[in-house]
Amino acid sequence: MTIRLPDAQGRLRTYEPRTEPLAVTPGTPFTSRTVFSAAHVVADPYADVSPDAPAAVDWDATLAFRRHLWSHGLGVAEAMDTAQRGMGLDWAGAAELIRRSAAEAKAAGGRIACGAGTDQITGGTLAGIRAAYEEQLAVVEDAGAQVILMASRALAATATGPEDYLEVYGHLLRQCAEPVVLHWLGPMFDPALEGYWGATDLDAATDTFLEVIAAHPDKVDGVKVSLLDARRETDLRRRLPHGVRCYTGDDFHYPELIAGDDQGFSHALLGVFDPLGPLAAQAVRVLDTGDVTGFRALLDPTVALSRHLFQPPTRFYKTGVVLLAWLAGHQSHFTMVGGLQSARSLPHLARAYELADGLGLFPDPGLAEERMKTLLSLYGVNR
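Residues numbered from 1 in each chain as written. Predicted model: local features only at pLDDT ≥ 70, side-chain atom pairs only at ≥ 80, totals over all residues. Heavy atoms only, no water.

1. Here's the deal with the nonpolar core
Consideration 1: By size, the foremost hydrophobic cluster in this structure holds 121 residues, and its most contacted members are Tyr 169, Leu 182, Tyr 196 and Phe 273.
Consideration 2: The dominant element in this core, judged by the number of residues it contributes, is helix α13 (residues 346-359), at eight residues.
Consideration 3: The contact partners of Leu 182, leaving out residues within four places of it in the chain, are Leu 149, Tyr 169, Leu 173, Phe 209, Val 212, Ile 213, Val 220, Gly 222, Val 223 and Lys 224.
Consideration 4: Core analysis: the next-biggest nonpolar cluster, separate from the first, contains 10 residues, Phe 36, Ala 38, Ala 77 and Val 181 among them. (Core = buried A, V, L, I, M, F, W, Y, C linked by side-chain atoms within 4.5 Å. Buried < 20%, exposed > 50% of the residue type's maximum accessible area, 1.4 Å probe, protein only. Helix = DSSP H or I, 4+ residues; strand = E, 2+ residues; numbered from the N terminus. Contact = heavy atoms within 4.5 Å.)

Shown next as C-alpha cells:
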C-alpha cells in the first residue's frame with residue numbers, strides 16, 4: 001500500500017507506510033525520573049457550537065486517553081497548554097476537566113498534577129489576580145491533585161516589575177497545602193506571556209524566578225521550564241535549591257535534558273509525550289536500568305517529529321497532537337475545541353503523519369493510513 005502526500009511546495013509524492021508498529025507494552029511508573037505527559041482534550045464532534053463558544057468535550061474519550069497514558073506509567077499533567085487552555089478551553093471547562101480527571105486518577109491509581117492559573121479574568125488589579133489564582137488553587141487541591149502554578153496572562157499584563165511577581169507568587173506559595181510545580185511558559189507558546197517575571201531580558205527574568213523559589217523552597221516541588229533553550233534550562237537547573245526538581249518542557253531538546261550530565265538531569269513534563277507516550281515510557285524504563293545510550297537510541301529519533309509539531313507558530317502544536325491521536329485510534333474524529341483543527345496546513349499534517357508512521361507510533365498502521373487518506377480526500381487529493 002502507498003499513499004500520496006503533499007509536500008511544502010504543494011507537490012504530491014508517494015509514501016509507503018510501514019506495516020508493523022513499534023512493539024511497546026504497558027508498564028509500571030519509573031524509578032529514575034518523574035515523567036508527566038500533558039494531555040489533550042477530545043472535542044464532542046456532534047455538539048452544535050461555534051469556535052468561540054464554551055468547549056464541548058467528549059468526556060469518555062478524554063478520560064480514556066488519560067487511562068492510556070497511566071497504563072504506560074506516565075503521569076498526567078492536566079488542564080495545561082496541551083489541553084488548549086486559553087485556546088478553546090475556558091476556566092469552566094478546565095475546572096470540570098480537573099475534577100473528572102482527578103477522580104479518574106484515583107480510580108486508576110495514576111499520578112496527576114493540574115494547572116491553576118487566572119484565565120477566568122483578563123486583567124485587573126494584583127488583588128484580583130491573587131483571588132483568581134486562589135479560586136483555581138482551591139479547585140485543584142479539593143480534587144486531590146498536585147498543583148501546577150501556571151503563568152498568568154493577566155499578571156503579565158498588569159505587573160509593573162519583578163516586585164509584583166514576587167508579591168503575587170509569595171502570597172500564593174505561602175498558602176499552598178503541598179509543594180507545587182511552578183510553570184514558566186515562554187512567549188513562543190503564548191505571546192501574551194512576553195516579559196514574564198518582570199523583564200524581557202531572560203537573565204533578569206531568571207533571577208526573579210529563582211528569587212521566588214529561594215524564598216519558599218519548601219513549597220516548590222519543582223519548576224517546569226518551556227523556553228526551548230537547552231543551555232538556559234541546564235544553567236537554571238544547576239542553580240535550583242537542593243530538592244527542587246527541574247521538569248523539562250523543552251520539546252526540542254528533551255532527550256539530552258532528561259539524560260542529563262554529571263551535574264544533574266531534568267525530569268519531564270512535556271506536551272510531545274502525548275503522542276509519544278508509549279515510546280517515551282519504554283525509553284525511560286531503559287534509562288531506569290542505567291542505560292543512557294539505549295535511552296537516547298529510542299528517544300533521539302523522535303525529535304524530528306517533535307520539532308515539526310512545535311514549529312512556529314509553536315502554540316498551534318496541539319493540532320498535530322490531536323491529528324496523531326485520531327490516526328492512532330484514540331478518538332474517532334479529527335475535530336478540536338475552538339475549531340483548532342484548521343490551524344495547520346495539509347502539508348504540515350501530512351509530514352506529521354509520515355514522521356509518526358516512520359517511528360511506528362500507530363498501533364494499527366492500516367487504520368492510520370486509511371484515516372490519513374480520508375483527510376487528504378477532504379482537501380481534494382485524489383485517493
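2. Examining the packing of helix α9 (residues 277-288) against helix α10 (residues 292-299)
Consideration 1: Following both chains from N to C, one finds α9 and α10 inclined at 170°, their axes separated by 7 Å at the closest point. In terms of orientation, α9 lies roughly antiparallel with respect to α10. Here Leu 279, Ala 280, Gln 282, Ala 283, Val 284, Val 286 and Leu 287 of α9 lie close against α10, whose contacting residues are Val 292, Gly 294, Phe 295, Leu 298 and Leu 299.
Consideration 2: Classifying every residue of the contact of α9 with α10 by side-chain character gives 10 nonpolar, two polar and no charged. (Axes fitted to C-alpha atoms, helices over the stretch in contact; angles between N-to-C directions. Parallel < 35°, antiparallel > 145°, perpendicular 65-115°, else oblique. Nonpolar A, V, L, I, M, F, W, Y, C, P; charged D, E, K, R; others polar.)

3. Considering the pattern of salt bridges
Consideration 1: Under the defined criterion, the tally for this structure stands at 19 salt bridges.
Consideration 2: Measuring nitrogen to oxygen at the nearest pair gives 2.3 Å for the salt bridge that ties Arg 13 to Glu 354. Note that Arg 13 is positioned in strand β2 (residues 12-15) and Glu 354 in helix α13, a separation of 341 residues in sequence.
Consideration 3: When its relative accessible area of 30% is taken as the criterion, Arg 13 is described as partly exposed.
Consideration 4: Look at Glu 354 and you get buried, because its relative accessible area is 13%.
Consideration 5: Between Arg 231 and Asp 235 there is a salt bridge, with the nearest N and O atoms lying 2.9 Å from each other. In this pair, Arg 231 and Asp 235 both sit in helix α7 (residues 230-239), four residues apart, roughly one turn of the helix.
Consideration 6: Each of Arg 13, Arg 351 and Glu 354 takes part in a single network of salt bridges with overlapping partners. (Salt bridge = Lys/Arg side-chain N within 4 Å of Asp/Glu carboxyl O.)

4. Section: the sheet that holds strand β7 (residues 180-185)
Consideration 1: In spatial order, the strands read β3-β4-β5-β6-β7-β8-β9-β10; together these eight strands close into a barrel with parallel pairing. In this sheet, adjacent strand axes meet at a mean angle of 25° when their direction is disregarded.
Consideration 2: As judged from the two bridges shared by strand β6 (residues 146-149) and β7, these two strands associate in the parallel manner. Within β7, the residue paired with Ile 148 across the bridge is Val 181.
Consideration 3: With respect to the sheet, helix α1 (residues 59-71) is in contact with β3 (35-38), β4 (75-78) and β5 (112-116), its orientation differing from that of β4 by roughly 140°.
Consideration 4: Against the sheet, helix α6 (residues 202-215) contacts β7 and β8 (220-226), and its axis sits at roughly 170° relative to β7. (Pairing = 2+ DSSP bridges.)

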